[in-house]
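The lines below spell out each chain.
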Amino acid sequence: MDTMRISGVSSGAEIPVQCSSLSSLVGRRCDNGRWKTRMFPARSRTWRSAATGKRFSSVKSVSSEPKEKVADAVIDSEQEAFSSLSPFAPDATSVASSIKYHSEFTPLFSPEKFELPKAFFATAQSVRDSLIINWNATYEYYNRVNVKQAYYLSMEFLQGRALSNAVGNLGLTGAYADALKSLGFDLESVATQEPDPALGNGGLGRLASCFLDSMATLNYPAWGYGLRYKYGLFKQRITKDGQEEAAEDWLELSNPWEIVRNDVAYPVKFYGKVVFGSDGKKRWIGGEDIVAVAYDVPIPGYKTKTTINLRLWSTKASSEDFDLSSYNSGKHTEAAEALFNAEKICYVLYPGDESIEGKALRLKQQYTLCSASLQDIIARFETRSGGSVNWEEFPEKVAVQMNDTHPTLCIPELMRILMDLKGLSWEDAWKITQKTVAYTNHTVLPEALEKWSLELMEKLLPRHVEIIEMIDEELVRTIVSEYGTADPVLLEEKLKAMRILENVELPSAFADVIVKPKEKPVIAENTIDKSEDAQTVVKKEQEDEVTAGEEEEAIPAPTVQPPKMVRMANLAVVGGHAVNGVAEIHSEIVKKDVFNEFVKLWPDKFQNKTNGVTPRRWIRFCNPYLSDIITNWIGTEDWVLNTEKLAELRKFADNEDLQSEWRAAKRKNKLKVVSLIKERTGYTVNPDAMFDIQIKRIHEYKRQLLNILGIVYRYKKMKEMSASEREKAFVPRVCIFGGKAFATYVQAKRIVKFITDVGSTINHDPEIGDLLKVIFVPDYNVSVAELLIPASELSQHISTAGMEASGTSNMKFSMNGCILIGTLDGANVEIREEVGEENFFLFGAKADEIVNLRKERAEGKFVPDPIFEEVKTFVRSGVFGSNNYDELIGSLEGNEGFGRADYFLVGKDFPSYVECQEKVDEAYRDQKRWTRMSILNTAGSFKFSSDRTIHEYAKDIWNIKQVQLP
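Residues numbered from 1 in each chain as written. Predicted model: local features only at pLDDT ≥ 70, side-chain atom pairs only at ≥ 80, totals over all residues. Heavy atoms only, no water.

1. Quick notes on the overall build of the protein
Counting its secondary structure elements, the protein contains 36 helices and 28 strands. Contacts in the protein between residues at least 24 apart in sequence constitute 75% of all its contacts with a sequence separation of at least 6. Put simply, the protein shows about 41,000 Å² of open surface, and 49% of that area lies on carbon and sulfur atoms. (Helix = DSSP H or I, 4+ residues; strand = E, 2+ residues; numbered from the N terminus. Contact = heavy atoms within 4.5 Å. Areas by Shrake-Rupley, 256 points an atom, 1.4 Å probe, with all protein chains shown as cover.)

2. Digging into the UniProt feature "modified residue: N6-(pyridoxal phosphate)lysine" (unreviewed entry) in the protein
Summarizing the sequence annotation, UniProt attributes the feature "modified residue: N6-(pyridoxal phosphate)lysine" (unreviewed entry) to Lys812 in the numbering used throughout. The residue Lys812 is located in helix α29 (residues 809–815) in this model. Of the residues examined, Lys812 reaches a relative accessible area of 5% and is grouped as buried. Residues within four places of Lys812 in sequence aside, it is in contact with Arg206, Val613, Trp618 and Ile789. (UniProt positions renumbered as here; feature names shortened; annotations may be inferred. Buried < 20%, exposed > 50% of the residue type's maximum accessible area, 1.4 Å probe, protein only.)

3. Brief notes about the pairing of strand β12 (residues 273–276)
The pairing of β12 with strand β13 (residues 282–285) spans four bridges and is antiparallel. Across the sheet, Lys273 pairs through a bridge with Ile285, a residue of β13. Where β12 hands over to β13, the hairpin turn is made up of five residues, of which Gly280 adopts a positive phi near 85 degrees. (Pairing = 2+ DSSP bridges.)

4. Overview of the sheet that holds strand β18 (residues 451–453)
Here three strands make up an open sheet; going across it, the order is β18-β20-β19 and the pairing antiparallel. Of all the strands in the sheet, just β18 and β19 (501–502) have a single pairing partner and so form its edges. As defined by bridge partners, β19 adjoins strand β20 (residues 565–567) across two bridges and the pair is classed as antiparallel. Each residue of the ladder has a partner; that of Leu501, found in β20, is Val566.

5. Section: the side chain of Asn828
One can find Asn828 in helix α30 (residues 828–835). Among all residues touching Asn828, those that are not within four sequence positions of it are His797, Asn810, Leu820, Gly822, Thr823 and Phe840.

6. Observations regarding the sheet that holds strand β26 (residues 794–797)
Spatially, six strands are ordered β25-β24-β23-β26-β27-β28 in an open sheet, and the strand pairing comes out parallel. Each edge of the open sheet carries a strand with a single partner, namely β25 (772–777) and β28 (841–842). In this sheet, strand β27 (residues 819–822) lies alongside β26 in parallel orientation, the contact comprising four bridges. Paired with Gln796 across the two strands is Ile821, which belongs to β27. The sheet contacts of helix α24 (residues 656–681) involve β23 (690–695), β24 (733–738) and β25, and relative to β25 the element is tilted by about 70 degrees. Against the sheet, helix α28 (residues 782–791) makes contact with β23, β24 and β25, and its axis sits at roughly 140 degrees relative to β23, the strand it touches most. (Axes fitted to C-alpha atoms, helices over the stretch in contact; angles between N-to-C directions.)

7. Details of the pattern of salt bridges
Per the counting criterion, the structure on display carries 62 salt bridges. In this structure, the salt-bridge partner of Glu720 is Lys716, at a minimum N-O distance of 2.5 Å. A salt bridge links Lys872 to Glu893, with the nearest nitrogen and oxygen atoms 3.1 Å apart. You can see Lys872 sitting in helix α32 (residues 866–876) and its partner Glu893 sitting in the loop between α33 (886–890) and α34 (906–925), a full 21 residues away along the chain. Bridged by salt links that share partners, the residues Arg261, Asp296, Arg311, Asp376 and Arg380 form one connected network. (Salt bridge = Lys/Arg side-chain N within 4 Å of Asp/Glu carboxyl O.)

8. Considering helix α27 (residues 746–763)
Side chains of residues three or four places apart in an α-helix project in the same direction, reflecting 3.6 residues per turn. The end-to-end C-alpha separation of α27 is 26 Å, in line with the 26 Å expected for 18 residues at 1.5 Å each. In terms of residue burial, α27 counts as a mostly covered element, since 13 of its 18 residues are buried. (Expected span 1.5 Å × (residues − 1).)

9. Considerations on a negative patch on the surface
Where like charges cluster on the molecular surface, the negative patch consists of Glu392, Glu393, Glu396, Glu427 and Asp428. Position of Asp428 relative to the elements: it lies in helix α14 (residues 426–436). (Patch = residues over 30% accessible without salt bridge, like charges linked within 9 Å, V, L, I, M, F, W, Y side chains within 5 Å. Lys, Arg positive; Asp, Glu negative; His and termini not counted. Charge placed at Lys NZ, Arg CZ, Asp CG, Glu CD.)

10. Observations concerning unusual backbone geometry
Positioned with a positive phi, Asn146 is a non-glycine residue whose angle comes to about 55 degrees. With respect to the secondary-structure elements, Asn146 resides in the loop between α3 (116–145) and β7 (149–153). In this structure Asn146 comes out as partly exposed when scored by relative accessible area, which is 21%. Of note in the backbone geometry, Ser254 takes a positive phi value of approximately 80 degrees without being a glycine. Take Ser254: it is sitting in the loop between β10 (242–246) and β11 (259–270).

11. Section: the nonpolar core
Nonpolar side chains in soluble globular proteins generally cluster together in the buried interior. Of all hydrophobic cores here, the largest spans 157 residues; its most connected members are Trp313, Met457 and Trp958. Among the elements that take part in this core, α3 stands out by supplying 13 residues, more than any other. Excluding residues within four positions of it along the chain, Met457 makes contact with Leu363, Leu409, Trp452, Pro462, Val465, Ile468, Val566 and Met568. Among the nonpolar cores identified, the runner-up in size contains 55 residues, and Tyr713, Val752, Ile819 and Cys916 belong to it. (Core = buried A, V, L, I, M, F, W, Y, C linked by side-chain atoms within 4.5 Å.)

12. What to know about the packing of helix α7 (residues 203–217) against helix α36 (residues 946–958)
As a packed pair, α7 and α36 sit with axes 9 Å apart at the nearest point and diverge in direction by 80 degrees. The orientation of α7 relative to α36 falls into the category roughly perpendicular. Residues Cys210, Phe211, Ser214 and Met215 of α7 touch α36, and the partners they reach there are Ser946, Asp947, Thr949, Ile950, Tyr953 and Trp958. Here the contact of α7 with α36 is built from residues that sort into six nonpolar, three polar and one charged. (Parallel < 35°, antiparallel > 145°, perpendicular 65-115°, else oblique. Nonpolar A, V, L, I, M, F, W, Y, C, P; charged D, E, K, R; others polar.)

13. As for the pairing of strand β17 (residues 437–440)
Burial of β17 is two-sided: the residues Val437 and Tyr439 facing one way and the residues Ala438 and Thr440 facing the other way are all buried. Of the pairings in the sheet, the one linking strand β16 (residues 398–403) to β17 comprises four bridges and is parallel in character. Bridging across to β17, Val400 finds its partner in Val437. As defined by bridge partners, β17 adjoins strand β21 (residues 579–581) across two bridges and the pair is classed as parallel. Bridge pairing links Thr440 to Asn580 in β21.

14. Some remarks on the packing of aromatic side chains
Under the counting rule described, the total for this entry stands at 40 aromatic pairs. Ring geometry for Phe322 against Tyr327: centres 5.4 Å apart, planes inclined by 50 degrees, an arrangement best described as tilted. Take Tyr327: its relative accessible area is 38%, and that puts it in the partly exposed class. Aromatic rings pair up to connect Tyr139, Tyr142, Tyr151, Trp223, Tyr225, Tyr266 and Trp313 into one cluster. Between Lys670 and the ring centre of Phe691, over which it is positioned, the NZ or CZ distance is 4.8 Å. We note Lys716 situated over the ring of Phe874; from NZ or CZ to the ring centre the distance is 5.9 Å. (Phe/Tyr/Trp six-rings, centres within 6.5 Å; stacked < 30°, edge-to-face > 60°. Lys NZ or Arg CZ within 6 Å of the ring centre and 35° of its normal.)

15. What about the environment of Ser97?
One can find Ser97 in helix α2 (residues 92–105). A sequence separation of 86 residues divides Ser97 from Leu183, and the C-alpha atoms of the two residues are 9.8 Å apart.

16. What about the packing of α32 against α34?
Closest axis-to-axis distance for the α32/α34 pair is 9 Å, and the angle between their directions is 105 degrees. Classified by the angle between their axes, α32 and α34 sit roughly perpendicular to one another. Across the interface between the two elements, Ile867, Phe868 and Val871 of α32 pack against Val906, Gly907, Phe910, Pro911 and Val914 of α34. Taken together, the residues that form the contact of α32 with α34 break down as seven nonpolar, one polar and no charged.

17. Describing the confidence of the model for the protein
On average, residues of the protein score 88 in pLDDT, and 86% of them reach the 70 mark or higher. pLDDT under 50 marks residues 523–534. Its contacts with residues more than four places away, or in other chains, come to seven contacts. (pLDDT = per-residue confidence, 0-100.)

Set out below in structure tokens:
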């Protein structure tokens, strides 16, 4: 078997083909990386595509032609063959041949052995062959018809393993399973050899990946843009000291899905200075130059030929920047400094930013993503425009979506390119930018509404600061025009809330718009001596002021100037045509609190787009047991594309046969998790206990601390009872945690340490046994989630109300028949409405109560419940080891101060949470009731498909149409 370039396949796509006599082929690699195949004249051949199983014949003999004409072999009737190409129904024999071919001719391992790692890479490369055919066809067609295309820019894409998802979307699962079986492997074991791509951390990145799957499945022309992090966020290890971080190693054996595009590279600049060119236009020159190189990853849609692209940027410096002279003189580190400075930009996701160097590196990352992506987008626009480029058409062909504030530099960068490089005026460039860019807000947390030091940005991106200052001046002009100058206090409030530049003087053109009237002295009548007139009193007061001023000069009071900052969220709102929240309650908070002043100015700019998750990865592929049951009872597999059909399960919710099948599927999934826990932690857990799971990024607002304190209270009550009393009072539970605490987030790491200490004590307590286990699964990622979520029975989504933008794991759990316990926060609100209030365990304060509750705390009016004081005392008793928990528990005490006063209201919600957990136990004892609740959760999850979300983005924000390949 060999690879041939078939004419008619764009971009030099290669199709693996199988020959009845390999001895008749001599393969050699060309300069452009394609296989060329020379045919001997002895006999004609019959070829079979390994991607499709189709046979092709009548290969033209070229032996009598001049040597230079022995080019890529051309198959007769190739256009007809390609137009009918479908990757969905190959036979297992062809697939096995393709896998064997790649194991031998695309080698990453030595030839002596054919073991699981080698089998994975060969299998992935075989699948990629099928993807490339559709991938190239997709973009050949998009280029030809010049469709409007959406570009989704995100600092994170938390993809998960690709093999099972790819073969599933292509409809090749059976063929690959049979092929691997014939080679002595099983598909599941081969798939587990794939490391999770370390391109994200939490819900932000997972949402981006779900969106890409839906874009491809729904045939929307779109691309994703991100960075190719070599070492990811970090690999989490749990030791006796808590969480430890190590570099991810996902690229050590290479990534079989990506294709480096060495011909797609763009310059990216930092530092330098701005000068005027001979044409009178500004130019950004000098400084530090790097190169961003494209690595492309195909994203296949489900049961469609459409295969879109995730383009990841990797950074490097030119070889000319390697100082050979310094190297030869022994200054090895200095010689390679420029190379290291370029490459480190894509080393780590979210590098620590406590230092100036860390902040600069993060800003470099964000600008690299924006600059390289926009240069690429503009180059594609110019290519598709042909000989005549009309820049007014740019927003009609391009939609740029900024996933949170990280890509906000897109706005000044697009302005820079249009003005400085393409020669557009400020007015034209600003109109185009505002019509092109849109912003998704994902949080109300202050640390996520990014602010950058103006001083740092001036050094790193001097031209962009000039442009941001002009945008800020334009905004000031709009605010002054809207509110006038009659009320200087009101105007000052509006400017303070809305300006992009914080703590920065007004632009010179508006320096005098705020003129506060001088306050006249107010003289109380009873303070005026009858012998003095008011004029005398005023004169004396003026003298007193002078004296006071002299005293102040003699002992000057220390003044601290607030730092000058660039508010990226404000820039994103001003520079884009649409701003959306990601759940109904979140969008209301965004409009009411976060951007209220902007809403008053531009009410039509703000929208809601409730998040969603792809039903392909998050139920069809990760939970085949449940998927088969759903298909059998609904009578169709159409629910994978039309999740509204899941609602049909409601009419079977009380059916005993369905309930029996449902419980059996859940137990099968739980047995997989039993094995995972044993492998990762060494603990053995009971599959018949309730699996209670909280898996998400470790953060105080997500309140893993509330969960573990509830477990501690449960444990304390168990210890106070006899064995028989315990068994009557409590349902057996396995409480499972997973998630990473950011490396420099001290309090989050304390929470991880506390959870593992509690687990170590409880799990070794013989009196408790299987009645309660506490497990922390290390190095949580998508692949772990794909095991835990199908096995879950209760899932905790217990953030402080009003602080979780949406959440997507809540949707995944509900989709898999898990009952949620949670607050009225994020998408919990909408999930509860869809699944039914009786099928959701609700507790805690509401979002509109939070401000007053914090105020009461600050005023010393909060009285903690006795059971909360009881559990804190128990923690401090030393029962969980010698570690000092004063800092952790102390954060829940006091009325004010940084790291104090229970800002996230754990103490306030604790009694309600404990009471709600008692209701959970009561419901779980009635397995018929519990199973009914589980079925109704799956039935009610139909609204939370990312397909629905992407349809809304496409219609309301991007204005793009579905494009079906011919």
